[in-house]
Amino acid sequence: MNIGLLNKLTVEDVNVKGKRVFIRVDFNVPIDENLMINDDRRIRSSLPTINYCMDEGAKVILASHLGRPKGKPDQRYSLAPVAKRLQRLLNKEVLFVPECVGPEVQKAGEKMRAGDVMVLENMRFDPGEEANDEGFAKALAGLADVYLNDALGAAHRNHASVVGIPKFIPAAAGFLLKKEVEYLRGTVSDPVRPFVAILGGAKVSGKIGVLENFQDKVDKVIVGGGMAFTFIKAMGFEVGDSLVETDMLGLAERIRDNLKKYGVKFYLPVDCVIAQSIEPGAETKIVTTQEIPKGWRALDIGPASCRLFAEAIQNAKTVIWNGPMGVFEIDAFSRGTFAIARAVADAYALTVVGGGDTDLAVHRAGVSDSISFISTGGGASLQLLEGKELPGISALSDKK
Ligand code: AMP
């Protein structure tokens, strides 16, 4: 089954045996000021495609972006530490070349043997990447016979290593991209019911597309996080200094009405944890969402909401979750998010978690092993949930 990618080639449709294979990966990992990698899950997620190509005797060329170096070399964003970590994960020598294109890459490419792995420098060190410069894309394509995209995190970008290279050589999805699209698009297009969507995070504006795309497919929508307070305010309640997008009030009402028309049950927090400032150690109180005093803001859902939401999740067969229930980065406001993480993990359901923050939350809650699929995609995973076409997927070669 390949619902998500429809007629696009995937890695198993192309012959990589003995070929020079250029893999666009997402090695955009968090690196601290001492150039230590704090979390290597994105590197690990690409291993199935890399290992498969190595086993097929391909010469593997890996390319990624890291951070926002703005088109020029900046050692804080070098992929050198990533290449080192990959070497440890593969237990095999990995060659790192400190440029994206040029004579050194050319020479290293010519010397590669079957099963060798080479990591190029951060694609965004070259202004040609973000400008989707044809010459830059052509030079990258010249290094390889086949292109694989395994980077959902970059698939919404019109960048040279995402949409440019496929103009010149056959292009297919890697195992990770295939899986991401199958889960994020396939789950929504044909959900096993009851289907529950949980949305949170800071703003309604960031999640409108998802709400609209889900309205005729979902049985229950649970909204928590900062975005809930725009909905609550739109219902006529005072929410103190909680996050409210005033320009979204009308739309919030319309979304609720539409969901009602489709018979979707809509859940908002009934209580919340409030404080006067978003700081560790700030005084906190638990109040109902209708009693938030002036000068106080809601920063997490309260215990009654956790129970209400957990009950709503309990009988689900499909759950999609995007966005935390509160400012979970601070301990005092993290309980709601962690409670929902546990409820999602405990559901006898296909559970899909997307978005950078939510991914982090399920790991911090210690339940990541009990989630069916955690997307590495960030902003791009949200676009898939919105039902949008991603340029990086459209650019892949069609099946004959
Ligand atoms: P998003 O990128 O829209 O998913 O938003 C994630 C961010 O929303 C996280 O960094 C949270 O700290 C923040 N957030 C969640 N709940 C609230 C809230 N009640 N008030 C302010 N920020 C929040």
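Everything discussed here concerns the structure shown above.
Before going into details, it helps to say that this report is about the structure given with it. (Residues numbered from 1 in each chain as written. Predicted model: local features only at pLDDT ≥ 70, side-chain atom pairs only at ≥ 80, totals over all residues. Heavy atoms only, no water.)

## Re the environment of Pro73
Mapped onto the fold, Pro73 is located in the loop between β2 (59–63) and α3 (80–90). As a C-alpha pair, Pro73 and Met123 span 50 residues in sequence and 9.6 Å in three-dimensional space. (Helix = DSSP H or I, 4+ residues; strand = E, 2+ residues; numbered from the N terminus.)

## Some details on the pairing of strand β8 (residues 220–223)
Burial along β8 is two-sided: Lys220 and Ile222 facing one way and Val221 and Val223 facing the other are all buried. Handedness of the crossover joining strand β7 (residues 195–199) and β8 through helix α9 (residues 208–214): right-handed. (Buried < 20%, exposed > 50% of the residue type's maximum accessible area, 1.4 Å probe, protein only. Right-handed = clockwise from strand over helix to strand, strands pointing away.)

## Describing the site of the ligand
Taken together, 13 residues lie near the ligand, and Ala202, Lys207, Gly226, Ala298 and Glu329 sit nearest. In this structure, an oxygen atom belonging to the ligand sits 3.0 Å away from a main-chain N or O atom of Ala202. Ala298 places a polar main-chain atom, nitrogen or oxygen, 3.0 Å from a nitrogen atom of the ligand. Contact with the protein chains hides 77% of the accessible area of the ligand, taken as 510 Å² for the molecule alone. When the residues that make up the shell around the ligand are grouped by side-chain class, the tally is 5 nonpolar, 4 polar and 4 charged. (Near = heavy atom within 4 Å. Polar contact = N/O pair within 3.5 Å; in protein donor to acceptor, adjacent residues only side chain to side chain. Areas by Shrake-Rupley, 256 points an atom, 1.4 Å probe, with all protein chains shown as cover. Nonpolar A, V, L, I, M, F, W, Y, C, P; charged D, E, K, R; others polar.)

## Details of the pairing of strand β1 (residues 20–24)
Counting buried positions over the 5 residues of β1 gives 4, a clear majority of the element. As judged from the 5 bridges shared by β1 and β2, these two strands associate in the parallel manner. In the sheet register, Ile23 faces β2, and the bridge partner there is Leu62. Here 4 bridges tie β1 to strand β5 (residues 146–149), and the two strands are oriented parallel to one another. Looking across to β5, one finds that Ile23 is bridged to Leu148. (Pairing = 2+ DSSP bridges.)

## Looking at the sheet that holds strand β12 (residues 297–301)
If you walk across this open sheet you meet the 3 strands as β11-β10-β12, and the pairing is antiparallel. A strand with exactly one partner marks an edge of an open sheet, and here the two such strands are β11 (284–288) and β12. Adjacent strand axes in the sheet meet at a mean angle of 40° when their direction is disregarded. In this structure, strand β10 (residues 271–275) lies alongside β12, joined through 4 bridges in antiparallel fashion. Residue Val273 lies in a different strand from β12, and its bridge partner there is Asp300. (Axes fitted to C-alpha atoms, helices over the stretch in contact; angles between N-to-C directions.)

## Remarks on the pattern of salt bridges
Enumeration according to the criterion identifies 17 salt bridges in this entry. The closest approach of N and O atoms between Glu56 and Lys17, which form a salt bridge, is 3.4 Å. Residue Glu56 is found in the loop between α2 (47–55) and β2, and its partner Lys17 is found in the segment before β1; the two are separated by 39 residues along the sequence. A salt bridge links Asp145 to Arg20; the shortest N-O distance between them is 3.3 Å. A residue pair is termed long-range when its members are at least 10 positions apart, and Asp145 in the loop between α6 (134–141) and β5 and Arg20 in strand β1 qualify at 125 residues. A relative accessible area of 29% places Arg20 in the partly exposed class. Put simply, Asp39, Arg41 and Asp359 are held in one network by salt bridges that share partners. (Salt bridge = Lys/Arg side-chain N within 4 Å of Asp/Glu carboxyl O.)

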